[in-house]
Amino acid sequence: MTSLTTTIGGRTFDNCMMNAAGVRCQNKQDLDALVASSAGAYVTKSATPQKRAGNPSPRMHTLPKGSINSMGLPNNGLDYYLDYVIDDQRKRPDATNFLSVAGTSLEDNLAMLHQIQESEYTGFVELNLSCPNVPGKPQVGYDFDRVNTVLDKVFEFYTKPLGVKLPPYFDLVHFDQIAAILNQYPLTFVNSINSIGNALVVDPQTERVAIRPKGGFGGIGGASVKPTALANVRGLALRLKPEIKIIGTGGILNGVDVFEHILCGASMVQIGTQFGYEGTPLFDRLAKELREIMNQKGYTNINEFRGKLKTFDD
Ligand code: RRO
């Protein structure tokens, strides 16, 4: 049988596909559905120390080729998600999952990571450095000095497996700069990309923006971001030390998209917008489609083609 197994930080996942943070993972019911699905793992909605209502609606809008959102970090607070993952870990000690945290300040991130460090949780943490939608709070991932400071402070005390969720970069020098910083730290993974931030969707009929928060500015996900996501996965795969695994997120609708992300260097992929549209049956469809492609090509596991993208110079 064609295997979709993958390994990150010494943990094995029997399927290399999972949800992307923010989509259908905000409450216990959502997370239970992911546990019951064929996804290889789940990630929880990015948490802040306290529960947040998020931005006013309408704050998400579907597009022919994806979505725009400015949710503004609605979540049930760290305690809720930490309780969930610890309870799940007691029930299924062999399964590794992802707890996402997104403090709106360095102090909040450090306080949450201290709480996680002191807890019995041993799974992965995804530190979200790329939320584009909190009014007045720029994306940390675009401020390289700040990323350095955050990671310096985090790794002064944090010893459990940790990765960062990055915004998309658009210049090769920025790939060089962010990789040089990330390579200094014992990161388990990087996840690339978050939504393409601060885009604007206009409804010509009503002559109005599509979503209410921030005057209509929001993050784009779904089909239209795939080339940017692939560039970021590939750009990082070429620059990061091999111990840091890459999670590819952005523009996955079918098995071919998963295949392309893995060719570019992803060890795992996350699906946001399309998971929102299809729910958990998506994971069965994608697994079937990826297996079909692998069978046609004679691949029996994803390591046979991971990162092996060819260029015209090869
Ligand atoms: O909640 C959001 O508005 C949000 C977050 Br935290 C994020 O990281 N990415 C996104 O597209 N939306």
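Reading the values: the criteria
- Residues numbered from 1 in each chain as written.
- Predicted model: local features only at pLDDT ≥ 70, side-chain atom pairs only at ≥ 80, totals over all residues.
- Heavy atoms only, no water.
- UniProt positions renumbered as here; feature names shortened; annotations may be inferred.
- Axes fitted to C-alpha atoms, helices over the stretch in contact; angles between N-to-C directions.
- Helix = DSSP H or I, 4+ residues; strand = E, 2+ residues; numbered from the N terminus.
- Parallel < 35°, antiparallel > 145°, perpendicular 65-115°, else oblique.
- Left-handed = near helix turned anticlockwise from the far one by under 90°.
- Contact = heavy atoms within 4.5 Å.
- Nonpolar A, V, L, I, M, F, W, Y, C, P; charged D, E, K, R; others polar.
- Pairing = 2+ DSSP bridges.
- Core = buried A, V, L, I, M, F, W, Y, C linked by side-chain atoms within 4.5 Å.
- Buried < 20%, exposed > 50% of the residue type's maximum accessible area, 1.4 Å probe, protein only.
- Near = heavy atom within 4 Å.
- Polar contact = N/O pair within 3.5 Å; in protein donor to acceptor, adjacent residues only side chain to side chain.
- Areas by Shrake-Rupley, 256 points an atom, 1.4 Å probe, with all protein chains shown as cover.
- 1 Å grid on protein atoms, 1.4 Å probe; cavity = no way out; pocket = protein on both sides within 12 Å on 5 of 7 lines; lining within 4 Å.
- Sits in = over half its atoms within 2 Å of the grid points.
- Salt bridge = Lys/Arg side-chain N within 4 Å of Asp/Glu carboxyl O.
- Phe/Tyr/Trp six-rings, centres within 6.5 Å; stacked < 30°, edge-to-face > 60°.
- Lys NZ or Arg CZ within 6 Å of the ring centre and 35° of its normal.

- The name given to the protein chain in an unreviewed UniProt entry is dihydroorotate oxidase (fumarate), with the source organism recorded as Secundilactobacillus silagincola.
- UniProt, in its Cofactor (unreviewed entry) section for the protein chain, records the words "FMN".
- According to the UniProt record, the Subunit (unreviewed entry) comment for the protein chain is "Homodimer."

### Description of the packing of helix 3 (residues 106–118) against helix 4 (residues 144–154)
And then number 1: Look at helix 3 against helix 4: their axes get within 10 Å of each other, and the N-to-C directions meet at 30 degrees. Between helix 3 and helix 4, the interaxial angle falls into the category roughly parallel. Relative to helix 4, helix 3 is oriented so that their crossing is right-handed. When helix 3 is examined against helix 4, the residues Leu106, Leu110 and Leu113 are found in contact with a partner set consisting of Arg146, Thr149, Val150, Lys153 and Val154.
And then number 2: In terms of residue class, the contact of helix 3 with helix 4 is made up of 5 nonpolar, 1 polar and 2 charged.

### Considerations on the sheet that holds strand 14 (residues 245–249)
And then number 1: Strand order across the open sheet formed by 7 strands is 3-15-14-9-8-7-6, with parallel pairing between neighbours. The sheet is open, and its two edges are formed by strand 3 (17–19) and strand 6 (98–101), each paired on a single side. The sheet shows a mean angle of 25 degrees between the axes of neighbouring strands, taken without regard to direction.
And then number 2: Pairing analysis gives 4 bridges linking strand 8 (residues 162–166) to strand 9 (residues 189–192), with the strands arranged parallel. Paired with Gly163 across the two strands is Phe189, which belongs to strand 9.

### Some details on the nonpolar core
And then number 1: With 72 residues, the main nonpolar core has Met17, Ile116, Leu187 and Val190 as its most contacted residues.
And then number 2: If one sorts the elements of this core by residue count, helix 9 (residues 281–297) sits on top with 7 residues.
And then number 3: Setting aside its immediate chain neighbours within four residues, Val190 contacts Val164, Leu166, Leu182, Leu236, Leu240, Ile244, Lys245, Ile246 and Ile247.
And then number 4: In terms of nonpolar packing, the next biggest core, distinct from the first, is built from 11 residues, Ile8, Met18, Ala21 and Phe189 among them.

### Brief notes about the site of the ligand
And then number 1: Near the ligand lie 13 residues; those nearest to it are Lys45, Gly72, Leu73, Asn194 and Ser195.
And then number 2: A distance of 3.1 Å is found between an oxygen atom of the ligand and a backbone nitrogen or oxygen belonging to Met71.
And then number 3: One nitrogen or oxygen atom from the side chain of Ser195 is found 2.7 Å from an oxygen atom belonging to the ligand.
And then number 4: Taken by itself the ligand offers 320 Å² of open surface, and the protein chains cover 92% of this.
And then number 5: When atoms are counted within 2 Å of each cavity's grid points, the one that captures over half of the ligand is the largest pocket.
And then number 6: For the shell around the ligand, a count of residues per class yields 5 nonpolar, 7 polar and 1 charged.

### Regarding the pattern of salt bridges
And then number 1: According to the stated counting rule, one finds 10 salt bridges in the structure shown.
And then number 2: The shortest N-O distance in the salt bridge between Arg285 and Glu278 comes to 2.6 Å.
And then number 3: Its relative accessible area of 26% is what places Arg285 among the partly exposed residues.
And then number 4: Glu278 gets classed as partly exposed once you look at its relative accessible area, which sits at 28%.
And then number 5: One salt bridge connects Glu289 with Arg285, and the closest N-O pair in it is separated by 3.0 Å.

### Describing the packing of aromatic side chains
And then number 1: Tallying each qualifying case throughout the model produces 15 aromatic pairs.
And then number 2: Ring geometry for Phe155 and Tyr185: centres 5.8 Å apart, planes at 20 degrees, overall stacked. On the criterion of sequence distance, the pair formed by Phe155 in the loop between helix 4 and strand 8 and Tyr185 in the loop between helix 5 (172–182) and strand 9 is long-range, its members being 30 residues apart.
And then number 3: An aromatic cluster of three or more residues is present, and its members are Phe13, Phe98, Phe124 and Phe189.
And then number 4: For the cation-ring pair, Arg24 lies above Phe275, with the distance from its terminal atom to the ring centre recorded as 5.9 Å.

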